[in-house]
Amino acid sequence: MLNKVVRSLATVVVGVLLILLPGSAMDWIIRIVGAAFFLPAVISVVKLYTSRRSAATIQLVAISVIDVGSIAFGLWLMIAPATFAQLFVMLLGIALLLFSLFQLFVVFSTHKTTPLHWGFLIAPLLLAVAAVVILANPFDAVSAASVMLGICAVVTGLSDLVISIMVNRNNGSQIQKLYI
């Protein structure tokens, strides 16, 4: 349950940031993604060259090349986030569409064991519509897409939180195992 609540609240926080700071929030999200590439790769390289384990030279070279690539890509994302803003919006649109389909699946699966109001279908359907709009025109306005994604994230996070609480009330529910 705690995992679901944290995920829902994180989604709401990201959504609020995207709504309140549409231009700079997208840059910060891209920088955070860059840090997610950069930091683990740096740690991996440091561990690789400071450990005394014997590994095949080919494996060391392959791991080093992948890590150096991740470090370079992470730095690029952190230093020049604007170059990736439009691509990132398109990727977020794809992720939003997939997440909306998952949300629809969860609502229908939950409905089998827990009576839900039809209003729970509104959020995933709005997410799907927003995803299609973003994917149809991802390169026009990054800030408008950012606000739209922010609204979708807030709605999704709150809907996800309510569904999680309702599923948690039915401890024996099969959907609880699926919806982690």
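Scroll up to find the structure.
The model shown is predicted, which means the values in this text are computed figures rather than measured ones.

> Would you mind going over the packing of helix α2 (residues 22-50) against helix α4 (residues 85-113) with me for this structure?
Packed helices, taken two at a time, are described by their axes: the angle between them and the distance between them. Running from N to C, α2 and α4 cross one another at 85°; their axes reach a closest spacing of 11 Å. Between α2 and α4, the angle is such that the two are roughly perpendicular. Here α2 contributes M26, I29, I30 and V33 to the contact with α4, which in turn contributes A85, F88, V89 and L92. For the contact of α2 with α4, a count of residues per class yields eight nonpolar, no polar and no charged.

> Help me understand the nonpolar core, please; the structure alone is not making it clear to me.
Side chains that are nonpolar tend, in soluble globular proteins, to be buried together. Residues M26, I30, L96 and L149 are the most contacted members of the largest nonpolar core, which totals 17 residues. When residues of this core are traced back to their parent elements, those giving at least two are α2, α4, α5 (122-136) and α6 (142-169). Excluding residues within four positions of it along the chain, L96 makes contact with L127, A130, A131, I134, L149 and C152. If you look at the next biggest cluster of nonpolar residues, it comprises six residues, including V107, L116, F120 and I163.

> Looking at this model, I keep getting lost on the environment of G23. Mind explaining?
The topology assignment puts G23 in helix α2. Here the alpha-carbon distance between G23 and A145, two residues 122 residues apart in the chain, equals 10.0 Å.

> Before we go on, may I ask you to explain α2 in this structure?
Since one α-helical turn is 3.6 residues long, residues separated by three or four positions face the same way. With 29 residues, α2 ought to run about 42 Å at 1.5 Å a step, and its terminal C-alpha atoms sit 42 Å apart, in line with that. All of the buried residues in α2 are A25, M26, I30, G34, F38, A41 and L48.

> So what exactly am I meant to see when it comes to α5 here?
The terminal C-alpha atoms of α5 lie 21 Å apart, and with 15 residues this matches the ideal 21 Å at 1.5 Å per residue to within 8%. Residues of α5 that are buried include every one of A123, P124, L127, A128, A130, A131 and I134, and no others. Buried residues of α5 fall within an arc of 165° about the axis and therefore sit on the same side. Turned more than 90 degrees away from the buried face of α5 sit V129 and A136, all of them exposed.

> How should the layout of surface pockets be read in this particular structure?
Rolled over the atoms, a probe sized like a water molecule indicates the empty space that remains. Its boundaries defined by the atoms lining it, the largest pocket holds a volume of some 340 Å³. Along its surface, the largest pocket is lined by 15 residues, and T11, L92, L96, F99 and A153 are the ones closest to its centre. For the lining of the largest pocket, the secondary structure elements donating two or more residues are α1 (2-20), α4 and α6. Class assignment of the residues belonging to the lining of the largest pocket gives a composition of 11 nonpolar, two polar and two charged.

> Can you help me understand the packing of aromatic side chains in this one?
Geometry of an aromatic ring pair is reported as the spacing of the ring centres plus the angle between the planes. The final tally for this structure, using the stated rule, is four aromatic pairs. Pairing W76 with F84 gives two aromatic rings, centres 4.8 Å apart and planes at 75°, and the pair type is edge-to-face. The class of F84 is buried, set by a relative accessible area of 11%. A network of ring pairs unites the aromatic residues F37, F73, W76 and F84 as a single cluster. A cation over an aromatic ring shows up here: R31 above the ring of W28, its NZ or CZ 5.2 Å from the ring centre.

> Mind showing me how you'd approach a nonpolar patch on the surface here?
Judged by side-chain polarity, V13, V16, L17, I19, L20, L21, I151 and V155 come together as a nonpolar surface patch covering roughly 640 Å² of accessible area. Residue assignment for the nonpolar patch shows that the elements contributing at least two residues are α1 and α6. The dominant element in the nonpolar patch, judged by the number of residues it contributes, is α1, at five residues. Within the fold, V16 resides in helix α1. The class of V16 is partly exposed, set by a relative accessible area of 34%.

> Sorry, what's going on with the packing of α4 against α5 here?
For the pair α4 and α5, the least separation of the axes is 8 Å and the interaxial angle reads 160°. Viewed along their axes, α4 and α5 adopt a mutual orientation that is roughly antiparallel. Of the two elements, α4 crosses α5, and the hand of that crossing is left-handed. Residues V89, M90, G93, I94, L96, L97, F99, S100, Q103, L104 and V107 of α4 pack against P124, L125, L127, A128, A130, A131, I134 and L135 of α5. Its residues assigned to classes, the contact of α4 with α5 shows 16 nonpolar, three polar and no charged.

Rules behind the numbers
- Residues numbered from 1 in each chain as written.
- Predicted model: local features only at pLDDT ≥ 70, side-chain atom pairs only at ≥ 80, totals over all residues.
- Heavy atoms only, no water.
- Axes fitted to C-alpha atoms, helices over the stretch in contact; angles between N-to-C directions.
- Helix = DSSP H or I, 4+ residues; strand = E, 2+ residues; numbered from the N terminus.
- Parallel < 35°, antiparallel > 145°, perpendicular 65-115°, else oblique.
- Contact = heavy atoms within 4.5 Å.
- Nonpolar A, V, L, I, M, F, W, Y, C, P; charged D, E, K, R; others polar.
- Core = buried A, V, L, I, M, F, W, Y, C linked by side-chain atoms within 4.5 Å.
- Buried < 20%, exposed > 50% of the residue type's maximum accessible area, 1.4 Å probe, protein only.
- Expected span 1.5 Å × (residues − 1).
- Arc of directions from axis to C-beta.
- 1 Å grid on protein atoms, 1.4 Å probe; cavity = no way out; pocket = protein on both sides within 12 Å on 5 of 7 lines; lining within 4 Å.
- Points joined across faces, edges and corners; volume = space filled by probe spheres on them.
- Phe/Tyr/Trp six-rings, centres within 6.5 Å; stacked < 30°, edge-to-face > 60°.
- Lys NZ or Arg CZ within 6 Å of the ring centre and 35° of its normal.
- Patch = residues over 30% accessible without salt bridge, like charges linked within 9 Å, V, L, I, M, F, W, Y side chains within 5 Å.
- Areas by Shrake-Rupley, 256 points an atom, 1.4 Å probe, with all protein chains shown as cover.
- Salt bridge = Lys/Arg side-chain N within 4 Å of Asp/Glu carboxyl O.
- Left-handed = near helix turned anticlockwise from the far one by under 90°.

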